[in-house]
Each structure stands twice: as C-alpha cells, then as structure tokens.
Amino acid sequence: LGRWLKTYSLFSGLCLFGTSSHKELLVKQDIDQMRLTYGGLANASYIRVTGIEEEERYVSSCDLSPLAANTTYYVVGMFFDEQGEPVFSTDELKVRTAPANRTSSYSFVTGGDMSMDEANMVLMMEAAKIEPLFAMVGGDIAYDNAFPQCYRRWDRWFVRWRDYLTTPLGYSVPMLLAIGNHEAGGFMVQPQDILYYSAYFPHALGSGTVDVLERKTYHRHSIGRSVTILSLDSWVVTPMADQVDFIRSNLQDATSNGVPFTLAIYHASLYPSVPSWEPLIVQDGRLYWEPLFSSLGLTAAFENHYHVYKRTFPIKNGHLVGDGDGGDGVVYLGDGAWGIQGTDIPIVKDSWWIDKIEAVPFIYKVTVNDANDDDKGNGNDDRKLYVEAIGLNGSVFDTWTKYRP
C-alpha cells in the first residue's frame, strides 16, 4: 500500500465477503453493487510496519464475522481515498470454514522450517493437492532474522504461498503460525526485536488495532468441536513459565467441552531428534509444559527447529507410557523440514523417546474424523486423528493414528 499512501493523505479500507463469486463486479469496480451483492462487510484496521526505509508500508486486517460453518466464502479487500473513491483492490480469494458438527471429516497440513528452495516449493504443491482446510507452520518461515533489510523475504514468501498453496479447487489456504527464532533473530529476545512477524499476523479477533509490541506470541484456535490447537512460543519471546496458565486453562476448557483432540504447535522441541541446540528450552519445556500436556490429555505436539523427521513413542511425565500408567501419553511429532534439508549435528536414533527418525524434507497431513458412528462395530473406525508424513515425491512414509472412544 505504500505507493497509494504517497498519493493519498487519508484512506480507509474494508473487506467484502459472501458465499458466491462476483469477480465481474470487481473488474468493473462497481462498488455499490459489490456491497449489496457480497452481503458481508468488515471495516479494515491498519498499522504501519516499522524498519523499512525504502517505502511506507501498512498492514491492513479485517475480522470476518459472523461466518457459517462448513461454507465456502469469497473475500475481497478494497481501499479508498478521502473522497471515498476506490484506489486499490485485492484479488478475490476463495476460502472455506470448518465444519461445526461431528459428521464431517477434514484435513489440514503442518510443518516448519521452510526455505525458498525447490524442496519447499514441491512440498507446498503436495500440500495444496490435499485440499487442506488450513496449514500450520511451526516457525522459521521467511527467515528474515529480524534484519530490516530482509523485508522482501516476506514479500517473496507471500507470493510463494499464493502461487503454490492455492488448491486444485481454487481455495486459498489460511495460515496458523507459531513463532520461530528466525522470525526474531534468536531465542529469548524482546518484542521490539521482531520487525515483521507480529505486524503481519495478529492471529486473534480484535487484534488488528492492538499495538504490535502488545500482541501475544501464543494463541488458541478451535476447529469446530473436534480440535483445539494451542500455538505456543518456545521462548522466542515469551518465557515458557509465563504460558502455564494459558495452557492449563485452555486444555481444561477443551476437556470440559468434550473436545476429543487437543494439539500444540511450537518451534523448539521438548524431545529433539538431535542433541539439543537449546538445552535451556528443553529443560524449561519439560519442567513447565510437559506436566500439563501429560495431566490434561494433550493428544500430540508438533515440534520443529531441527530439520529432521521424528516421531516419538507416547510419553507421559518424562517416561514412556506402559501398563499401569493411568492414561494416554503424548506423541511428539517433528522436527521441522518443510524445505530446509539436513542438520549440522548427526541425528540420534537411539534416544529412548525416538520411535521413528529420518533425515528427509516432509510435511504432515492430519485428518480429523470425529463422526463416531462406529459403522463396523469395533469402536475404532471413526473418531480418530490420522497423521501421515509426506515426502518430496508425494508418497506417505510414516503414519500415526489416535483413536478416541
């Protein structure tokens, strides 16, 4: 938007959304008719992105609400000068919402530690083929490393997402992200050290007008009534101890509301696939987070950072789950290789927690089936979380399933 702001001293913005496409009106810039035809309207808020010297850049956001469940929407953003004349509009995006009931299955994809190389592009295209409801990325996204000069890495990354993660049916894929060290220039930094990530991703309704320095780096997302996802900050900014109340209250809430599957995504692993680069984070994660994961029934944690494929055995309170342990353990899935390949430290195949490990680029496809209709009579046919690890050739090389009664 920088070039428009150099011309217009004042502007406003809005998002139009509805359940049918109206690209023909967008071409004609028939604003009055577009307002009537799309039906949904949300005013935009905007903040200025600091750190860029070459231009003035603003990020605009709209809260689209209310939306119906299990519905396709078409969304377009528009911006106006002080006379109310349109000066800029986005392409029309096609998105879909999650099912609210427990009769529909859906899939999403997740991974972490992206890159700008061919492996990342190939895995993005494989992800798009899945027709995912959304995609999670567990940090190390555009690798700007909090350098002001690297803002165009985000430009390039957004273009890649648009070009390679539009599905065969034409759907744009929403993003659910967790912060990594390459968004901040390291671990244990201050909010003001993060130049771009916090500005681009409010991640919560009503956060568009919140000062960037006040935006939390951890957040909750409910996907219908089937899944609760906690996106956590593995001490990139927020100490792990400071997220204990958030984790406890949200996992307890999910349990009390009968949510069958609870997931966490974050960057640095509690159970890494290599000798840890971040021993203090491993220590604090196991001290503050793992007891809550174990006692409150977290289904699985998606970890990243180490650029290796990993799946652990079920773990509860720092031990492998065995007979008499009184409940399920947590499986830790990782370790972030959505394009980034290899690590400087050898993988450790004999760590007691490792069930499967392989040094390959990959993404996860996660399918949620919460119908619970038991059509074969064995109690395990539906109501399950099915995780598939997908490599560069599109083939599945590992799977894991969690059933719920």
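Residues numbered from 1 in each chain as written. Predicted model: local features only at pLDDT ≥ 70, side-chain atom pairs only at ≥ 80, totals over all residues. Heavy atoms only, no water.

A. How the structure looks around the overall build of the protein chain. Secondary structure summary: the protein chain contains 8 helices and 22 strands in total. Over its C-alpha atoms the protein chain spans a radius of gyration of 22 Å, differing by no more than 12% from the 22 Å that the globule rule assigns to 405 residues. Expressed along its principal axes, the backbone C-alpha trace of the protein chain runs to roughly 70 × 50 × 40 Å. The buried share of the protein chain, reckoned over its 405 residues, is 53%. Within the protein chain, contacts between residues separated by at least 24 positions form 72% of all contacts whose residues are at least 6 apart in sequence. Counting only carbon and sulfur atoms, one obtains 50% of the accessible surface of the protein chain, whose full area is about 17400 Å². (Helix = DSSP H or I, 4+ residues; strand = E, 2+ residues; numbered from the N terminus. Rg over C-alpha atoms; globule rule 2.2 N^0.38 Å. Buried < 20%, exposed > 50% of the residue type's maximum accessible area, 1.4 Å probe, protein only. Contact = heavy atoms within 4.5 Å. Areas by Shrake-Rupley, 256 points an atom, 1.4 Å probe, with all protein chains shown as cover.)

B. Structural context of the pattern of salt bridges. The tally for this structure, following the rule as stated, stands at 15 salt bridges. As a salt-bridge pair, Asp155 and Arg152 come within 3.6 Å of each other at their nearest N and O atoms. A residue pair is termed a helical-turn pair when its members lie 3 or 4 positions apart in one helix, as Asp155 and Arg152 do in helix α5 (residues 151-164) at 3 residues. Of the charged contacts, one joins Asp328 and Arg404 as a salt bridge, the two residues approaching to 3.0 Å between their closest N and O atoms. In this pair, Asp328 sits in the loop between β17 (319-320) and β18 (331-334) while Arg404 sits in the segment after β22 (396-403), placing the two residues 76 residues apart along the sequence. The exposure class assigned to Asp328 is partly exposed, which follows from its relative accessible area of 42%. Through salt bridges with shared partners, one network takes in Glu55, Arg57, Arg152 and Asp155. (Salt bridge = Lys/Arg side-chain N within 4 Å of Asp/Glu carboxyl O.)

C. Geometry of unusual backbone geometry. A cis amide bond, omega -5°, links Ser65 with the succeeding residue Pro66. Looking at the secondary structure, you find Pro66 in the loop between β4 (58-61) and β5 (72-80). Cis geometry is found at the peptide bond from Gly334 to Asp335, where omega equals 5°. You can see Asp335 is positioned in the loop between β18 and β19 (354-358). Positive phi is not limited to glycine here, since Tyr143 has a value of about 60°. Within the secondary structure, Tyr143 sits in the loop between β9 (135-137) and α5. Given a relative accessible area of 13%, Tyr143 falls into the buried group. Positioned with a positive phi, Asn317 is a non-glycine residue whose angle comes to about 50°. Residue placement: Asn317 occurs in the loop between β16 (315-316) and β17.

D. Examining the confidence of the model for the protein chain more closely. Scored by pLDDT, the protein chain comes out at a mean of 89, with 92% of its residues at no less than 70. Low pLDDT (under 50) marks residues 1-10, which in the prediction has 21 contacts with non-local residues, meaning those over four places away or in another chain. (pLDDT = per-residue confidence, 0-100.)

E. Spotlight on the packing of helix α7 (residues 244-256) against helix α8 (residues 279-295). Between α7 and α8, the least distance of the axes is 10 Å, while the angle of their chain directions is 5°. Put simply, α7 runs roughly parallel to α8. Contact residues: α7 offers Val244, Ile247, Arg248 and Leu251, while α8 offers Tyr288, Trp289, Leu292 and Phe293. (Axes fitted to C-alpha atoms, helices over the stretch in contact; angles between N-to-C directions. Parallel < 35°, antiparallel > 145°, perpendicular 65-115°, else oblique.)

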